[in-house]
Amino acid sequence: CLVAGMEEKMKQYPTIRSLYMSFYSKSFYKDVARNWNSTGFLYLFLLVLLCIIPMMFSFQEAVSAFVADEAPRIVRQVPEVKITKGKISIDKPMPYIINDPDKGLPLIIIDTTGKITSLDGSPATILITESKIVMEKSSVETRTFNLSEIDNFYLDRSMVYKFLDIISDWLTVLVFPFALIFSFLCRILQVLLYSVFGLLFAHILKTGINYKTLVRLTAISITPAVIFGTVRDYLHISVPYWSWISFLIAMSYLFFALKVSSEKETA
């Protein structure tokens with residue numbers, strides 16, 4: 001084993017320097033292989049955290065733009081809605097249709113008269129009847145929400161605008177921890193999968209590296225691809241076949257990491 005029999009050494013390079021030294025440094029990858037003891041998952045979490053922050057800024061910009069520019073085009077069509085003892089009523093003649101402002105097609109149909117009872121044959125995705133809300137999830141699946149338990153409810157455009165303001169202020173904050181955890185778990189799976197290819201590389205290079213060290217090197221090796229991907233997404237740059245390019249970048253760095261870490265120290 002590459003690190004067996006070696007005395008514990010202090011890291012030559014602090015973890016934070018991994019973010020740029022992983023792009024080029026032989027000595028850094030040797031340090032990771034020989035002097036680090038973890039699986040690299042803590043480093044991976046740091047990488048995910050730093051990369052997800054700019055994406056959250058981008059997400060916030062998109063939410064704010066939607067609330068400011070797109071949402072009002074729909075909200076101004078919203079009627080005054082009342083629910084009394086499970087029965088819906090609005091201040092418009094029915095059937096009342098809220099249209100998609102871009103396509104001009106029906107988006108929401110409100111009909112409490114019983115003339116329209118399903119979304120069949122309509123491009124609309126929501127139907128509001130006297131006591132139910134029917135939502136089309138796909139061409140083969142719909143969900144129905146019964147409103148009979150609602151005793152009293154009122155909604156108008158001003159309330160919708162207030163709700164949208166709350167979304168604009170807080171949605172990113174609420175989404176952030178879930179996005180971070182999901183992204184971190186995905187990166188862990190990616191590292192474990194790529195480590196399988198690392199086993200092949202280790203066999204080709206005839207290294208005696210153990211699996212824990214291999215996983216650690218893999219976690220570091222994906223750094224350039226992850227950073228490139230973050231920059232691409234943040235700047236909205238279209239790169240054909242990016243998934244394959246990202247994979248090849250990660251594999252190239254992993255092969256490089258295994259090769260240099262298996263080199264014997266020179267006197």
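What you see is a predicted model, and the numbers here were worked out from it, not measured in a lab.

A. Expanded view of the packing of aromatic side chains. Within this structure, the stated rule accounts for 9 aromatic pairs. Centroid distance phenylalanine 23 to phenylalanine 228: 5.5 Å. Interplanar angle 85°. Geometry classified as edge-to-face. Here phenylalanine 23 is found in the loop between α1 (18-21) and α2 (26-35), whereas its partner phenylalanine 228 is found in helix α6 (residues 223-234), with 205 residues between them in sequence. Seen from their ring centres, phenylalanine 28 and tyrosine 29 are 5.6 Å apart, and the 65° between their planes marks the pair as edge-to-face. Across the pair, exposure class does not vary: phenylalanine 28 and tyrosine 29 are buried alike. Within the aromatic cluster, the residues linked to one another by ring pairs are Phe28, Tyr29, Trp36 and Phe256.

B. Examining the packing of helix α3 (residues 41-75) against α6 more closely. For the pair α3 and α6, interaxial distance at closest approach is 10 Å and the crossing angle is 5°. Classified by the angle between their axes, α3 and α6 sit roughly parallel to one another. Within the contact between the two elements, α3 uses Tyr43, Leu47, Cys51, Pro54, Met55, Ser58 and Glu61 and α6 uses Thr223, Val226, Ile227, Thr230, Asp233 and Tyr234. Class assignment for the residues of the contact of α3 with α6 results in 8 nonpolar, 3 polar and 2 charged.

C. Representation of the sheet that holds strand β4 (residues 106-110). Taken in spatial order, the 5 strands make up an open sheet running β3-β4-β5-β6-β7, and their pairing is mixed. Single-partner strands in this sheet number two, and they are β3 (96-99) and β7 (141-146). Here the average twist between neighbouring strands, direction ignored, is 15°.

D. Focus on the environment of valine 140. By the secondary structure assignment, valine 140 is in the loop between β6 (132-138) and β7. Judged by its relative accessible area of 78%, valine 140 falls in the exposed class. Sequence spacing of valine 140 and isoleucine 116 is 24 residues, and the spatial spacing of their C-alpha atoms is 19 Å.

E. Molecular detail of the confidence of the model for the protein. Per-residue confidence for the protein averages 89 on the pLDDT scale, and 93% of its residues sit at or above 70. Taken as a whole, residues 1-8 scores under 50 in pLDDT and shows 15 contacts with residues more than four places along the chain or in a different chain.

F. Molecular detail of the sheet that holds strand β1 (residues 81-84). On the basis of which strands lie adjacent, the open sheet formed by 3 strands has the order β2-β1-β8 and antiparallel pairing. At either margin of the open sheet sits one strand with a lone partner, and together these are β2 (87-90) and β8 (152-155). Averaged over all adjacent pairs, the angle separating strand axes in this sheet is 15°, with direction ignored. In terms of strand pairing, β1 meets β2 through 4 bridges, oriented antiparallel. Across the sheet, residue lysine 82 finds its bridge partner in β2, namely serine 89.

G. Summary view of a nonpolar patch on the surface. Nonpolar side chains collect at one region of the surface, where Ile16, Leu50, Ile53, Phe57, Val231, Tyr234, Leu235 and Ile237 lie side by side and expose about 700 Å² of accessible area between them. Of all the secondary structure elements, the ones that give two or more residues to the nonpolar patch are α3 and α6. Among the elements that make up the nonpolar patch, the one with the highest residue count is α3 (3 residues). Here isoleucine 53 is to be found in helix α3.

Cut-offs applied
Residues numbered from 1 in each chain as written. Predicted model: local features only at pLDDT ≥ 70, side-chain atom pairs only at ≥ 80, totals over all residues. Heavy atoms only, no water. Phe/Tyr/Trp six-rings, centres within 6.5 Å; stacked < 30°, edge-to-face > 60°. Helix = DSSP H or I, 4+ residues; strand = E, 2+ residues; numbered from the N terminus. Buried < 20%, exposed > 50% of the residue type's maximum accessible area, 1.4 Å probe, protein only. Axes fitted to C-alpha atoms, helices over the stretch in contact; angles between N-to-C directions. Parallel < 35°, antiparallel > 145°, perpendicular 65-115°, else oblique. Contact = heavy atoms within 4.5 Å. Nonpolar A, V, L, I, M, F, W, Y, C, P; charged D, E, K, R; others polar. Pairing = 2+ DSSP bridges. pLDDT = per-residue confidence, 0-100. Patch = residues over 30% accessible without salt bridge, like charges linked within 9 Å, V, L, I, M, F, W, Y side chains within 5 Å. Areas by Shrake-Rupley, 256 points an atom, 1.4 Å probe, with all protein chains shown as cover. Salt bridge = Lys/Arg side-chain N within 4 Å of Asp/Glu carboxyl O.

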